[in-house]
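# Per-entry structural report
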Amino acid sequence: MTNNKKIPTHLAIILDGNGRWAKRRNLPRLMGHRAGLRKLEQMVRLVKREGIRYFSVYAFSTENWNRPVMEVTGLMSLFRYYIRKKVDEIKSEGARIRFCGRKDKIPEDLLQQMKWAEEYTADQNILDFILCINYGGRAEIIDAVNSLIASNPQAPVTEQDLRKYFYLPDVPDPDLIIRTSGELRLSNFWLWESAYSEYYFTDTYWPDFDENELRKALDDYAGRERRYGGLKS
C-alpha cells in the first residue's frame, strides 16, 4: 500500500489508447483491446493492494456501438472470454464484480454471463470492481429521471430522490478519475457522479499504464486539497 494516508475510496479509469497502442506496433486494433484487458487484470490486484475500495473502469460506452461492426463484435467476444476465464482469479482477490450500464444491445448470452459473474462474486467485500459496459452518463441520468417519474414522486424532487434510480446508487462518487492516452475529456463517463471528482490525465496508452503510472496518479491526488466549493479551514 502507498505511504500516502490520503487515498481515493473510489478510483475510476477511462481506458483509452488501446487502438493507438496497437497501431504503433502494426497490430490490429483488437489486439490492443486484448492487451488492455490483460492490463486490467493486473490493475485489479494493484488497486486492491493500495487499499482502494471501489474501482470502476469505462470499458464500453453507449457511443462505442458506432464503431466498425467487426471491432464491436470482437470486443463482445473479449468480454465473454474475460468473464469466463478470469472471474475466479478476481474473486480470489476478494473482489466483487459489478456491471454498470444499459442492458439493451448487449447480446443475451453475454448478459447471462455478466449476471452469473455478479452473483458468483457477490459475497466478496474487499473491492468492488465495476465494469461500465454500454454505459453513458447522459443515458444514466435520463433513465433515472424516467424511473423517478414512473414512481409518481411528490414535488419537490431532491438529488437524493434521483440518485436512488442511478444504476449503482450505493457506490460513492469517484474521488479520482484517470484518463489515459492524452485525451482531456470525460467522454460521457460518470457525468453526475464526477461533479467534485479530481482528474488526472496521462499521455500513456492504457496497455502501458503500470504500477509506476498508478503511483504517480495516486501521489498527485494525495497532494490535492478538496474543498467541495468551500474554503480551507
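Residues numbered from 1 in each chain as written. Predicted model: local features only at pLDDT ≥ 70, side-chain atom pairs only at ≥ 80, totals over all residues. Heavy atoms only, no water.

What follows covers the layout of surface pockets. When its volume is computed, the largest pocket comes out at roughly 560 Å³. As for the largest pocket, its lining consists of 27 residues, of which Leu15, Asp16, Ala59, Asn64 and Arg67 are closest to the centre. Only helix 1 (18-24), helix 2 (29-49), strand 2 (54-61) and helix 3 (69-92) provide two or more residues apiece to the lining of the largest pocket. For the lining of the largest pocket, the leading source of residues is helix 2, giving five residues. (1 Å grid on protein atoms, 1.4 Å probe; cavity = no way out; pocket = protein on both sides within 12 Å on 5 of 7 lines; lining within 4 Å. Points joined across faces, edges and corners; volume = space filled by probe spheres on them. Helix = DSSP H or I, 4+ residues; strand = E, 2+ residues; numbered from the N terminus.)

By the definition in use, this model includes 25 salt bridges. A salt bridge links Arg102 to Asp143, with the shortest nitrogen-to-oxygen separation between them at 2.9 Å. In this pair, Arg102 is assigned in the loop between strand 3 (95-100) and helix 4 (108-120) and Asp143 in helix 5 (residues 137-150), connecting sequence segments 41 residues apart. Residue Arg102 is classed as partly exposed on the basis of its relative accessible area, which comes to 27%. Assessed through its relative accessible area of 22%, Asp143 is described here as partly exposed. With a closest N to O distance of 2.4 Å, Asp220 and Arg224 form a salt bridge. Given the relative accessible area of 32%, Asp220 is considered partly exposed. (Salt bridge = Lys/Arg side-chain N within 4 Å of Asp/Glu carboxyl O. Buried < 20%, exposed > 50% of the residue type's maximum accessible area, 1.4 Å probe, protein only.)

On the surface, a nonpolar cluster with roughly 290 Å² of combined accessible area is contributed by Leu184, Tyr199 and Phe201. Topologically, Leu184 is positioned in the loop between strand 5 (176-179) and strand 6 (198-201). (Patch = residues over 30% accessible without salt bridge, like charges linked within 9 Å, V, L, I, M, F, W, Y side chains within 5 Å. Areas by Shrake-Rupley, 256 points an atom, 1.4 Å probe, with all protein chains shown as cover.)

Now for the packing of aromatic side chains. The full count for this structure, using the stated rule, is 13 aromatic pairs. Relative to Tyr120, the ring of Trp116 has its centre 5.0 Å away and its plane inclined at 15°; by these criteria the two rings are stacked. Taken together, the positions of Trp116 and Tyr120, both in helix 4 and four residues apart, correspond to about one turn of that helix. Overall, Trp116 belongs to the partly exposed group, its relative accessible area being 40%. Using a relative accessible area of 30% as the deciding quantity, one classes Tyr120 as partly exposed. By the ring-pair criterion, three or more aromatic residues cluster together here, those being Tyr58, Tyr135, Tyr167, Phe189 and Trp190. Residue placement shows Lys91 over the ring face of Tyr120; its charged tip is 3.9 Å from the ring centre. (Phe/Tyr/Trp six-rings, centres within 6.5 Å; stacked < 30°, edge-to-face > 60°. Lys NZ or Arg CZ within 6 Å of the ring centre and 35° of its normal.)

Here we take up the side chain of Ser56. Relative to the elements of secondary structure, Ser56 occurs in strand 2. A polar contact is formed between the side chain of Ser56 and the side chain of His10, at a distance of 2.8 Å. Side chain to side chain, Ser56 and Trp190 meet in a polar contact 3.0 Å long. Sequence-distant contacts of Ser56, that is, excluding residues within four places in its chain, are made with His10, Leu11, Ala12, Ile13, Ile130, Phe189 and Trp190. (Polar contact = N/O pair within 3.5 Å; in protein donor to acceptor, adjacent residues only side chain to side chain. Contact = heavy atoms within 4.5 Å.)

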